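Each chain, letter by letter, is given below.
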Amino acid sequence: MSHTPHELAEEFPDKVEQMSALKQTDAHFSKLADEYHEINRQVHRAETNVEPMEQLAEEQLRKQRAALKDQIWGMLSKA
């Protein structure tokens, strides 16, 4: 199994415990994290040509991933 880059634990290594706690206590955070992971995996599959897609679609997914990451960081920085 290949390593999927941009996982949240990689992006925010000093916030792993906080993310774990929030996933258990905050339904909105948990939903954002799950959505981030799904989109991140789609981007990774496209980048590695496991599931190729049009460039525009891949770019849209990257933008969605970045927006989710910003929302997640916002929640982490407030908690």
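Scope of this entry: the structure provided in the associated data block. Treat the numbers as computed from the prediction; the structure is a model and nothing was measured. Along each chain, numbering runs from 1 in the same order as the chain's sequence is written. For this predicted model, a pLDDT threshold of at least 70 governs which residues receive local features, and a threshold of 80 or more governs which side-chain atom pairs are given and counted, while totals over whole chains, interfaces and linings are taken from all residues. Based on all heavy atoms of the structure, the side-chain values leave hydrogens and waters out of the count.

1. Quick look at the packing of helix 2 (residues 16–25) against helix 3 (residues 27–47)
All axes here are fitted lines through C-alpha atoms, helices being fitted over the stretch that makes contact, and every angle between N-to-C directions spans 0 to 180 degrees. Think of it this way: any DSSP run of H or I at least four residues long counts as a helix, any run of E at least two long counts as a strand, and we number them from the N terminus. With their axes 6 Å apart at the nearest point, helix 2 and helix 3 run at an angle of 115° to one another. Pair helix 2 / helix 3 crosses with left-handed handedness. Residues M19, L22, K23 and T25 of helix 2 form the contact with helix 3, whose own contacting residues are A27, F29, S30, A33 and D34. In this count, Pro and Cys sit with the nonpolar residues alongside Ala, Val, Leu, Ile, Met, Phe, Trp and Tyr, while Asp, Glu, Lys and Arg are called charged and the others, Gly among them, polar. Across the contact of helix 2 with helix 3, the residue classes tally to 5 nonpolar, 2 polar and 2 charged. Crossings are assigned a handedness: left-handed for a near helix turned anticlockwise from the far helix by less than a right angle, right-handed for a clockwise turn. The contact criterion used is simple: two residues touch if any of their non-hydrogen atoms lie within 4.5 Å.

2. Here's the deal with unusual backbone geometry
A negative phi angle is the norm for most residues apart from glycine, just as the trans form is the norm for most peptide bonds. In this structure, H6 takes a positive phi of about 70° despite not being glycine. Positionally, H6 belongs in the segment before helix 1 (8–11). For H6, a relative accessible area of 32% translates into the label partly exposed. Here the phi dihedral of N49 falls at roughly 60°; this positive angle occurs in a residue that is not glycine. Residue placement: N49 occurs in the loop between helix 3 and helix 4 (55–78). Each residue's exposure class comes from its accessible area (1.4 Å probe, protein chains only) as a fraction of the maximum for that residue type: buried when under 20%, exposed when over 50%, partly exposed otherwise.

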